[in-house]
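Coordinates in review
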Amino acid sequence: MSADLKIVFATNDNALADRLISRMESWYPHVSVCKLDDPAAAEAEVAACWYPPEDLLQRCPNLKLLQAISAGVDHIGDALLASGVPICRVVDEGQKHGMLEYVLWGMLHYQRDFDLALANQANKVWKLHPQRRPGRMRVGVMGLGQLGGYIAEGLVSFGYSVSGWSRTDRHFDQVSCYAGEAEMTEFLANCDAIINLLPLTPATDGILNASLFERLPQGAVVMNCGRGEHLNEADLIAALASGHLRGAILDVFPKEPLAQDNPLWTTPGVVITPHMASSASGKAILGQLVDNGRHVLEGLPLMNLVDSEQGY
């Protein structure tokens, strides 16, 4: 029963913990909640995690579940991922739709030449560009999990020509699917734009690099909505400076906020947004946290369980 459930919020963001605990106390008054510095943390059975400390299991030896309060789990850290304690993540339909809105904005930015119009405005130039239909823009989605698959199908519904690449074989109607390193080059050659939604793993760290950019057609664009560590920033700047890439929209960075002296701020062709593409709602985060907490105590199957070896 929820009255017996004890949850500790293990995060490096104290303000975030305070907000979620306040909502938890209002929405789930029979659940016991605390932060890591509370003595009650030692009795917690579930940890709500966002950049938890490496020694979490030593500080909270009674934990039976690590629940990420996000769609990704890379922030949990290698030691906890390999600890053997079950790890779950959040899946939120609202978050998926929010990401689709962001991606559609990005694709329209280039499909309808808004980037060129904004550059012309800065120079007081009036120039009309021919309208390009969505079907003439080939969009590639990197990562075809629950979020990436939703985005790929959503782009199809808006008339785009869509391809997808993933580590293993996937299938979606009207999406040309590619899998593995052997099919990466063919995938990239057929993309006027790529959208990165891959999970961050050792295999995908730095995947957006010079080798990948060189295999894209001249004038292609890049959108990174995955993790900042996916991108080699110097390689991107070089590809833009050479004219091989037309532009890039970046929403995630290895260190946030982005440092004031980071050259991406002033690199022509780069659009920066402050990690705003989409986020899970408080109701989804806390609802799944409590439901999975109940499940782990009752020996029931867990929702959105992560394969710790794969990292997603």
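So, here is what we can say about the structure in this document. Since we're looking at a predicted model, the values are computed, not measured. (Residues numbered from 1 in each chain as written. Predicted model: local features only at pLDDT ≥ 70, side-chain atom pairs only at ≥ 80, totals over all residues. Heavy atoms only, no water.)

**Digging into the overall build of the protein**
Along the protein, the regular secondary structure elements total 10 helices and 12 strands. In terms of overall dimensions, the protein is globule-like: its C-alpha atoms have a radius of gyration of 21 Å, near the 20 Å expected for 312 residues. Across the 312 residues of the protein, 49% fall into the buried class. Positive and negative side-chain charges of the protein, numbering 23 and 36 respectively, have mean locations separated by a distance of 8 Å. (Helix = DSSP H or I, 4+ residues; strand = E, 2+ residues; numbered from the N terminus. Rg over C-alpha atoms; globule rule 2.2 N^0.38 Å. Buried < 20%, exposed > 50% of the residue type's maximum accessible area, 1.4 Å probe, protein only. Lys, Arg positive; Asp, Glu negative; His and termini not counted. Charge placed at Lys NZ, Arg CZ, Asp CG, Glu CD.)

**Notes on the packing of helix H1 (residues 14–27) against helix H10 (residues 282–298)**
Two elements in contact, H1 and H10, have axes separated by 11 Å at closest approach and are oriented at 65 degrees. Taken together, the axis directions place H1 and H10 in an arrangement best described as roughly perpendicular. Crossing geometry of H1 relative to H10 is assigned as right-handed. On the side of H1, the interface is formed by Leu 20, Arg 23, Met 24 and Trp 27, while H10 contributes Gly 282, Lys 283, Leu 286, Leu 289 and Val 290. (Axes fitted to C-alpha atoms, helices over the stretch in contact; angles between N-to-C directions. Parallel < 35°, antiparallel > 145°, perpendicular 65-115°, else oblique. Left-handed = near helix turned anticlockwise from the far one by under 90°. Contact = heavy atoms within 4.5 Å.)

**A few points about the packing of aromatic side chains**
Under the defined criterion, the tally for this structure stands at three aromatic pairs. Look at Trp 50 and Tyr 51: their rings are 5.0 Å apart centre to centre, the planes differ by 90 degrees, and that puts the pair in the edge-to-face class. The ring of Trp 27 has Lys 283 sitting right over it, with the charged end atom 4.1 Å from the ring centre. (Phe/Tyr/Trp six-rings, centres within 6.5 Å; stacked < 30°, edge-to-face > 60°. Lys NZ or Arg CZ within 6 Å of the ring centre and 35° of its normal.)

**Quick word on the sheet that holds strand E12 (residues 270–272)**
Taken together, seven strands build an open sheet; the order of strands is E8-E7-E6-E9-E10-E11-E12 and the sheet is parallel. Strands at the two margins of the open sheet, each flanked by one partner only, are strand E8 (175–179) and E12. Adjacent strand axes in the sheet meet at a mean angle of 15 degrees when their direction is disregarded. Note that strand E7 (residues 161–166) and E8 share five bridges and pair parallel. (Pairing = 2+ DSSP bridges.)

**Quick word on helix H9 (residues 233–241)**
Taken together, the buried positions of H9 are occupied by Leu 236, Ala 239 and Leu 240. Axial view of H9: buried residues confined to an arc of 100 degrees, hence all on one face. In H9, the exposed residues that point more than 90 degrees away from the buried face are Ala 234 and Ala 241. Between a side-chain oxygen at the N-terminus of H9 and the backbone nitrogen of Ala 234 the separation is 3.2 Å; the capping residue is Asn 232. Looking one or two places after H9, you find Gly 243, whose phi comes out positive at around 90 degrees. (Arc of directions from axis to C-beta. Polar contact = N/O pair within 3.5 Å; in protein donor to acceptor, adjacent residues only side chain to side chain.)

**A short note on the side chain of His 109**
Here His 109 lies in helix H4 (residues 93–111). Beyond its immediate sequence surroundings of up to four residues, His 109 is in contact with Phe 114, Asp 115, Leu 118, Ile 249 and Val 271.

**Remarks on the pairing of E7**
E7 sits mainly inside the fold: five of its six residues count as buried. Bridge count for strand E6 (residues 138–142) against E7 is five bridges, and the pairing is parallel. Residue pairing across strands places Gly 140 opposite Ser 163, the latter belonging to E7. For the crossover from E6 across helix H6 (residues 146–157) to E7, the handedness is right-handed. (Right-handed = clockwise from strand over helix to strand, strands pointing away.)

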